[in-house]
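Residue-level structure breakdown
The lines below spell out each chain.
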Amino acid sequence: AQSVTQLDSQVPVFEEAPVELRCNYSSSVSVYLFWYVQYPNQGLQLLLKYLSGSTLVESINGFEAEFNKSQTSFHLRKPSVHISDTAEYFCAVTEDFGNEKLTFGTGTRLTIIP
Amino acid sequence: GAGVSQSPSNKVTEKGKDVELRCDPISGHTALYWYRQRLGQGLEFLIYFQGNSAPDKSGLPSDRFSAERTGESVSTLTIQRTQQEDSAVYLCASSRSKLAGVGETQYFGPGTRLLVL
């Protein structure tokens, strides 16, 4: 069975500072990896995903994540955060067969300090 | 076009009552998922519908939970004899068929916040 671990439940960061949100997964088969974001009072939306090919994937708002198979990680990074990045971030994994149900981590609440 | 919609947005009920939650997926999306998010926890998978295939009910926590979907349209999640531990946000997501490509993005609705007193 697959599982996802997000060790940091809360991450406070000063505006314009870099941030890394950690995600580790466990699975016995090939996986696809996702980061979803939930802004205050809004629904979950996809931030970025890794399916295959280049292990570094990017979002339109400056986040990037790198798939590391040997370390079973998919950490999310941004070199300079903005107030508008305040949100809860969820890492998720799905296996490449079956119904592609997502297994989520418990989420990391990113708070940007002005 | 319109996103995934869910109703009601909030529901307060008494222990032992039945509740019905509704999900309207994005038009053309053949796959539909229900998830639950309890306080302080990640989302947990409940049930999956794909077209006219038999649903995958492997995530339903008990036989008090059931869900239906007619074709590729609306889905309802029913919880019978609600318990306090059923209090959670229930999220619905839809996506294109897996046949359209692997790793299809799931689009989530705003959720229904259920509180069982």
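Here is what the cut-offs are and how they apply
- Residues numbered from 1 in each chain as written.
- Chains lettered and ligands numbered in written order.
- Predicted model: local features only at pLDDT ≥ 70, side-chain atom pairs only at ≥ 80, totals over all residues.
- Heavy atoms only, no water.
- Contact = heavy atoms within 4.5 Å.
- Buried area = accessible area lost by both parts, 1.4 Å probe.
- Salt bridge = Lys/Arg side-chain N within 4 Å of Asp/Glu carboxyl O.
- Nonpolar A, V, L, I, M, F, W, Y, C, P; charged D, E, K, R; others polar.
- 1 Å grid on protein atoms, 1.4 Å probe; cavity = no way out; pocket = protein on both sides within 12 Å on 5 of 7 lines; lining within 4 Å.
- Points joined across faces, edges and corners; volume = space filled by probe spheres on them.
- Helix = DSSP H or I, 4+ residues; strand = E, 2+ residues; numbered from the N terminus.
- Disulfide = S-S within 2.5 Å.
- Core = buried A, V, L, I, M, F, W, Y, C linked by side-chain atoms within 4.5 Å.
- Buried < 20%, exposed > 50% of the residue type's maximum accessible area, 1.4 Å probe, protein only.
- Phe/Tyr/Trp six-rings, centres within 6.5 Å; stacked < 30°, edge-to-face > 60°.
- Pairing = 2+ DSSP bridges.
- Axes fitted to C-alpha atoms, helices over the stretch in contact; angles between N-to-C directions.

Tallying the contact residues gives 20 residues for chain B and 20 residues for chain A. Around 1,600 Å² of area is buried between chain B and chain A when both sides are counted, 53% of it from carbon and sulfur atoms. The interface formed by chain B and chain A includes zero salt bridges. For the side of chain B that touches chain A, the per-class residue count stands at eight nonpolar, nine polar and three charged.

Approximately 680 Å³ is the volume found for the largest pocket. As for the largest pocket, its lining consists of 29 residues, of which Gln38 and Glu88 of chain A together with Gln37, Val89 and Arg113 of chain B are closest to the centre. Of all the secondary structure elements, the ones that give two or more residues to the lining of the largest pocket are strand S10 (87–95) and strand S12 (108–113) of chain A together with strand S8 (88–95) and strand S10 (112–116) of chain B. Along its surface, the second largest pocket is lined by 14 residues, and Val29, Ser30, Val31, Phe67 and Lys69 of chain A are the ones closest to its centre. Tallied by class, residues from the lining of the second largest pocket come to seven nonpolar, five polar and two charged.

Residue and element names in this part refer to chain B. Within this structure, the stated rule accounts for two disulfides over all chains. With a sulfur-sulfur separation of 1.8 Å, Cys23 is cross-linked through a disulfide to Cys92. Between Cys23 and Cys92 the sulfur-sulfur dihedral comes to about -65°; the bridge is accordingly left-handed. Taken together, the residues span a long stretch of sequence, with Cys23 in strand S3 (residues 19–24) and Cys92 in strand S8 at a distance of 69 residues.

All right, on to the nonpolar core then. One recurring pattern in soluble globular proteins: nonpolar side chains tend to sit buried together. Membership of the largest hydrophobic core comes to 28 residues, with the highest contact counts inside it found for Leu33, Trp35, Leu47, Leu48, Phe74, Leu76 and Tyr89 of chain A. Among the elements of the structure, strand S2 (10–14), strand S3 (19–21), strand S5 (31–38), strand S6 (44–50), strand S8 (64–68), strand S9 (73–78), S10 and S12 of chain A are those that each provide at least two residues to this core. In contact with Leu33 of chain A, not counting residues within four places along its chain, are Tyr25, Leu48, Lys49, Tyr50, Phe67, Phe74, Ala92 and Val93 of chain A. By size, the runner-up hydrophobic cluster in this structure holds 20 residues, among which are Val4, Trp34, Ile47 and Cys92 of chain B.

The full count for this structure, using the stated rule, is 13 aromatic pairs over all chains. Between Tyr36 of chain A and Phe104 of chain A, the aromatic rings sit 5.9 Å apart at their centres with planes inclined by 55°, giving tilted as the arrangement. Of this pair, Tyr36 of chain A sits in strand S5 while Phe104 of chain A is found in strand S11 (residues 103–104), placing the two residues 68 residues apart along the sequence. For the pair Tyr35 of chain B and Phe45 of chain B, a centre-to-centre distance of 6.2 Å together with 70° between the ring planes defines the contact as edge-to-face. With Tyr35 of chain B in strand S4 (residues 31–37) and Phe45 of chain B in strand S5 (residues 43–50), the pair connects residues that are ten residues apart, well separated along the chain. Each member of the pair Tyr35 of chain B and Phe45 of chain B is classed as buried. Each residue in the set Phe34, Tyr36, Phe90 and Phe104 of chain A together with Tyr33, Tyr35, Phe45, Tyr48 and Phe108 of chain B is aromatic and connected to the rest through ring pairs, giving one cluster.

Next up on the list: the pattern of salt bridges. Residue and element names in this part refer to chain A. On inspection of all chains with the given rule, the structure shows eleven salt bridges over all chains. Arg22 serves as the salt-bridge partner of Asp8, at 2.9 Å between the closest nitrogen and oxygen. On the criterion of sequence distance, the pair formed by Asp8 in the loop between strand S1 (3–5) and S2 and Arg22 in the loop between S3 and strand S4 (24–26) is long-range, its members being 14 residues apart. Residue Lys78 pairs with Asp85 through a salt bridge whose shortest N-O separation is 2.9 Å. A relative accessible area of 10% places Lys78 in the buried class. If you follow the salt bridges from partner to partner, you end up with Glu20, Glu64, Glu66 and Arg77 in one network.

Turning our eyes to something else, we now look at the sheet that holds strand S7 (residues 75–79) of chain B. Residues and elements named next belong to chain B. The four strands are arranged S1-S3-S7-S6 in an open sheet whose pairing can be described as antiparallel. Taken across any chain shown, the strands that pair with only one partner, and hence form the sheet edges, are strand S1 (5–7) and strand S6 (65–69). Neighbour-to-neighbour, the strand axes of this sheet turn through a mean angle of 15°, independent of strand direction. Of the strand pairs in this sheet, S3 and S7 are connected by five bridges, and their pairing is antiparallel. Of the residues in S7, the one forming a bridge with Val19 is Ile79.

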